[in-house]
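Summary of the model geometry
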Amino acid sequence: MAKRINRAVVETTEPLALTEEQALSIVNDLRGTCGNLDMEIQDRLGNGVGTEDLDTKSLNLIDEHIFNCEVCGWWCDNDEMSEDHGVCEECFEPEDKEEDEDSYEDRMNDENYYRDEPEDF
Ligand SMILES: [Zn+2]
């Protein structure tokens, strides 16, 4: 049944399919790397074959396991996806910068307070 991949050599406009086995081996090769999905597909289905030639089912088999982080470009396990869909936990930065500015102001006020103290001696 794996011999069906030979169809890739014949020119066709039909979408190509990965076997589940092939999809999983691509997942294993890409996970934790910044590898190229098109290259992995080409290795298995033949020269010139890329993501756009695959059917949705094959792409879903890969999507079920890993995703390509938009920020760092690494393939991460779906478990590592942050609240921001498509960005890994390591790259995800919650917007809490304003809080930092507030605490800086508080610290300045504190410093002024302490600076007055020695004059009382
Ligand atoms: Zn990332």
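Shown above is the structure to which this text applies.
A brief report on the enclosed structure follows. (Residues numbered from 1 in each chain as written. Predicted model: local features only at pLDDT ≥ 70, side-chain atom pairs only at ≥ 80, totals over all residues.)

1. Overview of the overall build of the protein
Scanning the protein for helices and strands turns up 4 helices and 2 strands. Counting from the amino terminus, the protein carries its helices and strands in the arrangement α-α-α-β-β-α. A sequence separation of at least 24 residues applies to 45% of the contacts in the protein between residues at least 6 apart. (Helix = DSSP H or I, 4+ residues; strand = E, 2+ residues; numbered from the N terminus. Contact = placed C-beta atoms within 7 Å.)

2. A look at helix H2 (residues 37-45)
Glu 40, Ile 41 and Leu 45 are the residues of H2 that are buried. Across the axial projection of H2, the buried residues extend over an arc of 110 degrees, all falling on one side. Where H2 is buried, its residues contact helix H1 (20-30). (Buried ≥ 20, exposed ≤ 12 C-beta atoms within 10 Å, placed from the backbone. Arc of directions from axis to C-beta.)

3. Focus: the nonpolar core
Counting residues in each nonpolar core, the largest one holds 15 residues, and the members touching the most others are Leu 18, Ala 23, Ile 62, Ile 66 and Cys 76. For this core, the secondary structure elements donating two or more residues are H1, H2, helix H3 (56-63) and strand E2 (75-77). Broken down by element, this core gets its largest block of residues, 3 residues, from H1. When near neighbours in sequence (up to four residues on either side) are disregarded, Cys 76 contacts Ile 66, Phe 67, Cys 69, Met 81 and Cys 88. (Core = buried A, V, L, I, M, F, W, Y, C linked by C-beta atoms within 7 Å.)

4. Brief notes about H3
Inspection of H3 places Ser 58, Leu 61 and Ile 62 among the buried residues, and these make up the whole buried set. Down the axis of H3, the sector holding all buried residues measures 95 degrees, keeping them to one side. In H3, the exposed positions that point more than 90 degrees away from the buried face belong to Thr 56, Lys 57 and Asn 60. On its buried side, H3 packs onto H1 and strand E1 (66-68).

5. So, the environment of Glu 21
Here Glu 21 is to be found in helix H1. Since 12 C-beta atoms lie within 10 Å of it, Glu 21 is described here as exposed. Separated by 40 residues in sequence, Glu 21 and Leu 61 have C-alpha atoms that sit 9.8 Å apart.

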